[in-house]
Amino acid sequence: MFTTLRNKEIIIAVTGGIAAYKTCELVRELTRRGASVHVVMTKNAMQFVSPLTFQTLSGHPVIHEMFELFTGSKIGHIALSDIADQMVIVPATANIIGKIANGIADDFLTTMVMATTVPVLFVPSMNAKMWESKMVQMNIQKLKDAGYELMEPGVGDLACGTKGKGRLPPIHEILEKMEDIFTEKDLSNERIIVTAGPTVEFIDPVRCITNRSSGKMGYAIAKIAKRRGAEVILISGMTYLPPPRSDIHMVQVRTAQEMREAIMRHFEDATVIIKAAAVADFRCKNESTVKIKKSEEETYVLELQKNPDILAELGKIKGHRILVGFAAETENLVENAFEKLKKKNLDMIVANNVAKEGIGFGSDRNEVTIIEAHGRVRHVPEMTKEEIANIILDFVKRIMKKRKTTEDDWL
Ligand code: CTP
């Protein structure tokens, strides 16, 4: 798994809201990602979940008493503040938000937050009317001004039987936000277009031609690019995947022509374009508007017409933009991919051996070869698609840096 949470000391502070039961799952996921988790609970939190549950899930004693001693002679809250890499208050009730926003430190949790210099993330969850109340909103603003990290609650059914904004955000979003906090924003000046997934070409209203691309590689690139601070536009063919992050601009397309139009709409302001999509080379010459009936004949001839090669077209007009292509190959991987790079005027190409079993199509893992325009070849052994995405973005960053140094040399 690609994660910044491995070997980190994470403090999960639980306050008294019904969503406390969901925090159990968060603790479990964090330990799965290799983090060392310490749970701190308020008295009210213990009305909802027992400390034993968190102790079992985290493998560490749960702290809830103000004067509990942590390691030997050190006072608990100071010791925890010292070892922590990040604190997360989840769920954060209106009460804890109000207390911390106004400098109240009257129990273990609040004194610990006050004594820390590490990032503190608030994940609020409460009744929608409470969330919208002037007092809570004023306190939220105070927390933002003081430099605390905050997530917005989700919208939907609430435990109190009403609907509205107040739900705890999904656990995967909390984890992503935590990863975000640990990630250096080295792509924050970039506007990156990523294409992903298969295109679909229609034969008639019920039939189509497509390919086996799952979209996972492109979605992983979009997610990691966003985590590294880029503005991301994900132009996606039809996949079964949920959007990688809610703050990515998603554009859904079906056909190669729709994908081309979507790219051209966003092309002007883009600084990097990564074409991970598996674009159909051909579409039906005469798409039928009605369902084609089978005849007595044993064969049926479908006439195909070439689709635009979007990447080749971008290569002609790219200007200063960095253009990254993918190559799906079954033989002569490096030679064929390098040929595509030259033909389409790319800065870099990521070659996949799609004939290899167990990786690539549909899998969460892949093995690729990255080739740069000047001919440098680097083999990336099998790893998760998110790890590969991060390496691809490191290459993009390096190309940018090199360009900048060359430009500076000319000045
Ligand atoms: N591509 C594209 N438009 C097309 C076909 C491909 O933009 N009509 C892009 C893909 O998104 C990918 C790269 O070109 O980044 C290479 O795609 P690939 O299918 O490997 O190669 P092709 O150029 O289509 O050549 P061939 O199918 O003959 O291997």
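Everything numeric in this text was worked out from a predicted model, so none of it was measured. (Residues numbered from 1 in each chain as written. Predicted model: local features only at pLDDT ≥ 70, side-chain atom pairs only at ≥ 80, totals over all residues. Heavy atoms only, no water.)

J.: Explain the pairing of strand β13 (residues 272–275) residue by residue, including any values.
T.: Every second residue of β13 is oriented toward a common face, with Val272 and Ile274 on one face and Ile273 and Lys275 on the other, all of them buried. As defined by bridge partners, strand β8 (residues 191–196) adjoins β13 across 4 bridges and the pair is classed as parallel. Counterpart to Ile192 in the pairing with β13 is Val272. Judged from the 4 bridges that link them, β13 and strand β16 (residues 322–329) form a sheet pairing that is parallel. Considered in β16, the bridge of Lys275 is made with Gly325. (Buried < 20%, exposed > 50% of the residue type's maximum accessible area, 1.4 Å probe, protein only. Helix = DSSP H or I, 4+ residues; strand = E, 2+ residues; numbered from the N terminus. Pairing = 2+ DSSP bridges.)

J.: Outline the packing of aromatic side chains, supporting the account with residue identities and numerical values.
T.: Counted according to the given criterion, the structure contains 1 aromatic pair. Note on Phe122 and Tyr148: the rings are 5.4 Å apart at their centroids and 80 degrees apart in plane angle, and the pair reads as edge-to-face. Here Phe122, found in strand β4 (residues 120–124), pairs with Tyr148, found in the loop between α8 (134–145) and β5 (149–150); they are 26 residues apart in sequence, far enough to count as distant. Overall, Phe122 belongs to the buried group, its relative accessible area being 0%. Cation over ring: Lys8 sits above Phe182, and NZ or CZ is 4.5 Å from the ring centre. One cation-aromatic arrangement involves Arg321 over Phe267; the distance from NZ or CZ to the ring centre is 4.0 Å. (Phe/Tyr/Trp six-rings, centres within 6.5 Å; stacked < 30°, edge-to-face > 60°. Lys NZ or Arg CZ within 6 Å of the ring centre and 35° of its normal.)

J.: An account of helix α10 (residues 216–227) is requested, with residue identities and associated values reported.
T.: For α10, spanning 12 residues, the distance from its first C-alpha to its last is 16 Å, which sits close to the expected 16 Å at 1.5 Å a residue. The buried count for α10 comes to 11 of 12 residues, which makes it a mostly enclosed element. Taken as a whole, α10 has its buried residues at Met217, Gly218, Tyr219, Ala220, Ile221, Ala222, Lys223, Ile224, Ala225, Lys226 and Arg227. Following α10 by one or two positions, Gly229 adopts a phi angle in the positive range, close to 100 degrees. (Expected span 1.5 Å × (residues − 1).)

J.: Please set out the pairing of strand β6 (residues 154–157) residue by residue, giving values where relevant.
T.: With 4 bridges connecting them, β6 and strand β7 (residues 163–167) associate as antiparallel partners. Across the sheet, the residue bridging to Val155 is Lys165, located in β7. Adjacent in sequence and paired antiparallel, β6 and β7 are bridged by 5 residues, among which Gly161 carries a positive phi angle near 90 degrees.

J.: An account of the packing of helix α11 (residues 256–267) against helix α12 (residues 310–317) is requested, with residue identities and associated values reported.
T.: One way to put it is that α11 packs onto α12 with a least axis distance of 11 Å and a crossing angle of 25 degrees. Classified by the angle between their axes, α11 and α12 sit roughly parallel to one another. Considering only the axes of α11 and α12, their crossing is right-handed. Mapping the contact onto sequence places Ala256, Met259, Arg260, Ile263, Met264 and Phe267 in α11 and Ile310, Glu313, Leu314 and Ile317 in α12. Of the residues in the contact of α11 with α12, the class split is 8 nonpolar, no polar and 2 charged. (Axes fitted to C-alpha atoms, helices over the stretch in contact; angles between N-to-C directions. Parallel < 35°, antiparallel > 145°, perpendicular 65-115°, else oblique. Left-handed = near helix turned anticlockwise from the far one by under 90°. Contact = heavy atoms within 4.5 Å. Nonpolar A, V, L, I, M, F, W, Y, C, P; charged D, E, K, R; others polar.)

J.: I'd love a proper account of the packing of helix α1 (residues 20–32) against helix α9 (residues 171–182), names of residues and values included.
T.: Two numbers describe how α1 lies on α9: the axes approach to 10 Å, and their chain directions differ by 50 degrees. Considering their axes alone, α1 and α9 lie oblique with respect to each other. The handedness of the crossing between α1 and α9 comes out as right-handed. Listed contacts from α9 to Lys22, Glu25, Leu26, Glu29 and Leu30 of α1 are Ile171, Ile174, Leu175 and Met178.

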